[in-house]
Structures are given as structure tokens and as C-alpha cells.
Amino acid sequence: MHKGRVVFGAMDEVVFGRPASEALVEQLIRLGSTRAFLMVSGTLNRETDEIENIRRGLGPRCAGTFDAMPPHTPRAAVIAASEQARAANADLIVTIGGGSITDGAKAVQLCLANDIRHPDDIDRIRAGRGASPQLTAPTVRQISVPTTIAGGEFSAAAGVTNENTKVKEGLRHPLLMPRAVILDPWLSQHTPEWLWLSTGIRAVDHCVEGICAREAHPYGDAQALMGLSMLAQALPRVKADAKDLDARMDCQIGTWLSTGPLASGVPMGASHGIGYVLGAEFGVPHGYTSCVMLPSVMRWNKSVNADRQAQVAAAMGHPNEDAGDVLDAFIRNLGMPRSLREVKVGPEHFDRIAQQAMATPWVPRNPRKIEGPAQVREILELAA
Ligand SMILES: NC(=O)c1ccc[n+]([C@@H]2O[C@H](COP(=O)([O-])OP(=O)(O)OC[C@H]3O[C@@H](n4cnc5c(N)ncnc54)[C@H](O)[C@@H]3O)[C@@H](O)[C@H]2O)c1
Ligand SMILES: O=C(O)CCC(=O)CC(=O)O
């Protein structure tokens, strides 16, 4: 019998297939915002005129711009952005860019609401440290215009990296779910190919680990299977023709669907968990972590969930084939890295990664039980 709990987030609207510049103005009017603070991926601000055009459209409603968020959202940059948002007297944050800026803005909301002014004080708002911290709910909320397809804009959690410990820590509050998400395929054309395709594999990973989880349920499955099928068809189309806006839109909608399992309480597995360590400690781009880990995790897990893996292969258009092999070939054909060696993580680091991975939220919830670091090491050897 299925058992579970589905928690619905605090999002009002998802707008898709419309230019972000237009949709943003409408959203600011809808929300009554007169002091929107932009948090944007740096290259989009410095190397294109898109952000300037958006600022022009917002006119006096734009209260400032922060564009200095490094990948994996380090604490110091969160504090720097919070200071600027506070000084600008922001009443809303608009993010335009990848997952690091999206998560950064979620952390800024908690910093503003809880008067966090120093990186060490982020300890006070971390999720999952013994008793739940008594968080003051954010009042300055967020609108997200994602330009990658890792899917964090559809979650009420943020990953922030503690530079001292090199651990990616979770922050969580139901109101961290953006009030609106705007999916604009035109704007995404500036996203470098490696970043679009690798974050697309992250979305594939959300689907696959969601379908393969012990706690999978029909509501999450329906979204994940549809999302996986859309991503499997659309990512190669974007690789073949970067200007294929229909394919870009399908990738964005596939990503939205990929977050269905997570949003309805289904845990992720070892690919997500090991990925946190590869990102925070070794600086491996988030999407690449899925490219190198997911097929090996599937192979290691197959003894406990071959039936679920068969559904993965079928959704990707390869019924009766091995899902690990299907994913391996799919990622390779997109030109993405497939081994830890290719992302410059050698075997001398495996013991440390295995230790760290045990402390992530997802490795202990992998569908094939992981009792200790030795088993994480087995997976790492498969991905070497
Ligand atoms: N909260 C969640 O549920 C969730 C889900 C997925 C990812 N994340 C987080 O998101 C982060 C990864 O995000 P990502 O993989 O989307 O990439 P990213 O935001 O880390 O971007 C990677 C790099 O590409 C640059 N870049 C260049 N051109 C860009 C463009 N046009 N648009 C966006 N970025 C551009 C960025 O500035 C950055 O340096 C991780 O820290 C991860 O933990 C969170
Ligand atoms: O919702 C969460 O707790 C985090 C989601 C997550 O792991 C997604 C990701 O990092 O890609």
C-alpha cells in the first residue's frame, strides 16, 4: 500500500513561454512591489544587455542589482547580498540566473527576516540541526527567472556552502518557495551549452531518483515519468540546435515536472547526496555531479529496484534495456563528462568523499541501503 504526505508550496504562479521582461512587470504590479532587488548571474549582467533591458522595463521599481554570487552559494556572498538588499530597502527579490543565485536569494530572505549579518550567524537558520530553529518567516519574498534547468526555483529549500567546513548546508522554510516562476526560453539562449545540458541531467536525476526511491508514490511518479520523457527528447534537440525554442521550453517544463517527487516528499538517493560533496568540497559544477554519478548509482542499486529502473529506461524511449546503460549513453551523447576523473576528482579523495556523503540527507535514504562509507566507496569506484 502507498503511504506518504504531499506538502504543497507557497507558489502563486508559473508563467511559461512569455518574455521575462514583460511577465516580470506584470508580476511586480500584481504583488504591489515598488522596490524590487535584482539578484542575477554575473555573466548575464556583464556580457549581455538582457538585465539592462529588464531594469529599464522595471524603471523606478528596480531598487538595485547584485551580480556577484559564486557557484554553490557560499555564505559570505549571501551576507554581502543581504546587506545590499537591506540597504536598498527591498520589498521583493527577483532572481535571474542559475541555481546558485536562486538559492542565494532564498538565503537572503531568511537573513533579512532573522537579522543575520555575519556568515557564522547562518548557523542560526540552518535546517535540521536538532530542534527546529525558531525562524522568523520571510516577508521579502522572491520571483525566480531561471536560466538553467536544475529546478531549484520549484523548491522551498536552499543549499548554502559553509566555506570553513566545505559542506553544503540546507536552509528550509515553506515561504522560500518563490511567489512566481517565469520560464522564458528566449532568455535561456545565453546560457552556455555545457551548463544547460548538465543542469538538464540534474533534472533527469531528480526524475530518476524520484522514480527509484523506496518512498515513490503515484503522484510523484506521474510527474517524474512525464518530465523524464520530455527531457530525454528535448535535451538532444537543444544540443542539435541551440536556437530550438520549442525544445528549450520542453526542457524547462520537463524540469518543472522533475521536481514533482521532491516537492511531494520523495527523498533523493546517492547520486544527489554524493553530488553535494563533489560540489561543495571539490567545486564540481552541480549538473556535472549528476552526469558522473547517476549511471553508477543505478548500477549499484539495480539488485533492489530493477522493476523501477525498467520504467526509467522505458520513459527514455528504451524499453527492455538496462537503465544505467541508457543513462550512460544519453549523457555521453550530450558530450557531458561521465567519470570522476574527467571532473578532476581522483581515487585519493574517495575515502573523504565517502565519509562526507554519509552526512548528507540523501545517501542514508538511497533505495539500496548504504550502511557506511565502504559502500559509498564502491559506488565511487564504479564512477572512477
Ligand atoms: N534548492 C534546490 O532544490 C536546488 C535544486 C537544484 C540546484 N540547486 C543549487 O543550485 C546550484 C547549482 O546551480 P546551477 O547548476 O543552475 O548553476 P549555477 O547557478 O551554479 O551557475 C554555474 C555558473 O555558470 C555561470 N553562468 C554563466 N552564464 C550563465 C547564464 N546565462 N545563466 C546562469 N548562469 C550562468 C554562473 O554565474 C555560475 O558561475 C547548486 O548550489 C545547487 O545546490 C538547488
Ligand atoms: O529540496 C531539497 O531538500 C533539496 C533539493 C535537492 O537536493 C536538489 C538539488 O540539489 O539538485
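Position numbers for residues start from 1 in each chain and track the written sequence from start to end. Chain labels run from A onward and ligand labels from 1 onward, assigned in the order the entries are written. Totals for whole chains, interfaces and linings use all residues, but because this is a predicted model, local features are given only for residues with pLDDT of at least 70 and pairs of side-chain atoms are given and counted only at 80 or more. With hydrogens and water excluded, all non-hydrogen atoms of the structure serve as input to the side-chain values.

Undergrad: Teacher, can you tell me more about the packing of helix H6 (residues 193-212) against helix H11 (residues 286-315) here?
TA: Axes are the key here: two packed helices are described by the angle between their axes and the distance separating the axes. Simply put, an axis is a line fit to the C-alpha atoms, just over the touching stretch for a helix, and the angle between two N-to-C directions goes from 0 to 180 degrees. Helical segments are the DSSP runs of H or I of at least four residues, strand segments are the runs of E of at least two, and each set is numbered from the N terminus. The N-to-C vectors of H6 and H11 enclose an angle of 25 degrees; their axes lie 9 Å apart at closest approach. One element, H6, and the other, H11, form an angle in the roughly parallel class. The way H6 lies across H11 gives a crossing that is left-handed. Think of it as three bins: nonpolar holds Ala, Val, Leu, Ile, Met, Phe, Trp, Tyr, Cys and Pro, charged holds Asp, Glu, Lys and Arg, and polar takes everything else, Gly as well. Across the contact of H6 with H11, the residue classes break down as 12 nonpolar, eight polar and four charged. With respect to orientation, any angle under 35 degrees is reported as roughly parallel, any angle over 145 as roughly antiparallel, any angle of 65 to 115 as roughly perpendicular, and every other angle as oblique. In this scheme, a crossing is called left-handed if the near helix is turned counterclockwise away from the far one by less than a right angle; it is called right-handed if the turn is clockwise.

Undergrad: Could you clarify how one ought to interpret the site of ligand 2 in this entry?
TA: Put simply, a residue is near a molecule or strand once any heavy atom of it comes within 4 Å of that molecule or strand. As a matter of local geometry, ligand 2 sits amid Ala157, Arg172, Arg202, His206, Leu262, His272, Tyr276, His286 and Trp362. For the purposes of these results, a polar contact is taken to be a pair of N or O atoms within 3.5 Å, where, inside protein, one atom must be able to donate a hydrogen and its partner to accept one; residues adjacent in sequence count only when each atom of the pair is a side-chain atom. In the model, an oxygen atom of ligand 2 is placed 2.8 Å from a nitrogen or oxygen of the arginine 202 side chain. In these tables, accessible area is a Shrake-Rupley quantity obtained with a 1.4 Å probe, and a residue counts as shielded only by the protein chains included in the view. When isolated, ligand 2 has an accessible area of 320 Å², and the protein chains bury 81% of it. For the shell around ligand 2, the secondary structure elements donating two or more residues are H6 and helix H10 (270-282). For the shell around ligand 2, the class distribution of residues is four nonpolar, three polar and two charged.

Undergrad: What exactly am I supposed to notice about the packing of H6 against helix H7 (residues 218-240) here?
TA: Relative orientation of the contacting elements H6 and H7 amounts to 155 degrees, with a least axis distance of 9 Å. The orientation of H6 with respect to H7, classified from their angle, is roughly antiparallel. H6 and H7 meet at a crossing whose hand is left-handed. Listed contacts from H7 to Glu193, Trp196, Leu197, Gly200, Ile201, Ala203, Val204, Cys207, Val208, Gly210 and Ile211 of H6 are Asp221, Ala224, Leu225, Gly227, Leu228, Leu231, Leu235, Val238 and Lys239. Of the residues assigned to the contact of H6 with H7, the class counts are 14 nonpolar, three polar and three charged. When checking whether two residues touch, look at their non-hydrogen atoms; a contact exists if any pair is within 4.5 Å.

Undergrad: I would appreciate a short explanation of the UniProt feature "domain: Fe-containing alcohol dehydrogenase-like C-terminal" (unreviewed entry) in the protein chain in the present structure.
TA: UniProt positions are given in the numbering used here, feature names are shortened, and annotations may be inferred rather than shown by experiment. As annotated in UniProt, the feature "domain: Fe-containing alcohol dehydrogenase-like C-terminal" (unreviewed entry) corresponds to residues 198-381 in the numbering used here. Along residues 198-381 one finds 70% helix and 0% strand; the C-alpha atoms at either end are 22 Å apart.

Undergrad: Whenever I open this one, the site of ligand 1 confuses me. Can you help?
TA: Taken together, 24 residues lie near ligand 1, and Thr43, Gly99, Ser100, Thr147 and Thr148 sit nearest. Here a nitrogen atom of ligand 1 sits 2.9 Å away from a polar atom, N or O, in the side chain of threonine 43. Between ligand 1 and serine 100 there is a distance of 2.6 Å, counted from an oxygen atom to a side-chain nitrogen or oxygen. Look at ligand 1: alone it shows 850 Å² of surface, and the protein chains cover 87% of it. Counting residues per element, the shell around ligand 1 draws most heavily on helix H5 (residues 99-113), which supplies four residues.

Undergrad: It is not clear to me how the pattern of salt bridges should be interpreted in this structure. Could you clarify?
TA: Side chains that differ in sign of charge can pair as their charged atoms come close. Just to be clear on terms, a salt bridge is a Lys or Arg side-chain nitrogen sitting within 4 Å of an Asp or Glu carboxyl oxygen. Under the criterion given, the structure shown has 28 salt bridges. Arginine 18 is the salt-bridge partner of glutamate 26, the closest N and O atoms lying 2.8 Å from each other. On the accessibility criterion, glutamate 26 (43% relative accessible area) is partly exposed. Burial status follows relative accessibility: with a 1.4 Å probe on protein chains alone, a residue under 20% of its type maximum counts as buried, one over 50% as exposed, and anything between as partly exposed. Exposure remark for arginine 18: the relative accessible area of 26% places this residue in the partly exposed category. Of the charged contacts in the structure, one is a salt bridge between aspartate 221 and arginine 308, with a shortest N-O distance of 2.7 Å. One end of the pair, aspartate 221, is in helix H7; the other, arginine 308, is in helix H11, and 87 residues separate them in sequence.

Undergrad: Could you clarify how one ought to interpret the packing of aromatic side chains in this entry?
TA: Any pair of aromatic rings gets described here by the distance separating the centres and the angle formed by the planes. Between 30 and 60 degrees the pair is tilted, below 30 it is stacked and above 60 it is edge-to-face, where a pair is any two Phe, Tyr or Trp rings, Trp via its six-membered ring, whose centres lie within 6.5 Å. Inspection of the entire model under this criterion finds three aromatic pairs. Geometrically, the ring pair formed by phenylalanine 16 and tryptophan 256 is tilted, given 5.7 Å between the ring centres and 55 degrees between the ring planes. Linking phenylalanine 16 in strand E1 (residues 13-16) with tryptophan 256 in helix H8 (residues 245-258), this pair joins segments that are 240 residues apart in sequence. Judged by its relative accessible area of 41%, phenylalanine 16 falls in the partly exposed class. Their ring planes at 10 degrees and their centres at 5.8 Å tell us that phenylalanine 154 and tryptophan 256 sit as a pair that is stacked. Of the two residues, phenylalanine 154 sits in the loop between strand E5 (141-146) and strand E6 (157-162) while tryptophan 256 sits in helix H8, which places them 102 residues apart along the sequence. Counting every residue linked through ring pairs, the aromatic cluster contains Phe16, Phe154 and Trp256.

Undergrad: How should I be thinking about the environment of alanine 213 in this particular structure?
TA: One can find alanine 213 in the loop between H6 and H7. Overall, the relative accessible area of 6% leaves alanine 213 in the buried class. Considered as a pair, alanine 213 and proline 261 are 48 residues apart in the sequence and their alpha carbons are 9.3 Å apart. What alanine 213 contacts, discounting residues up to four positions off in sequence, is Val266 and Pro267.

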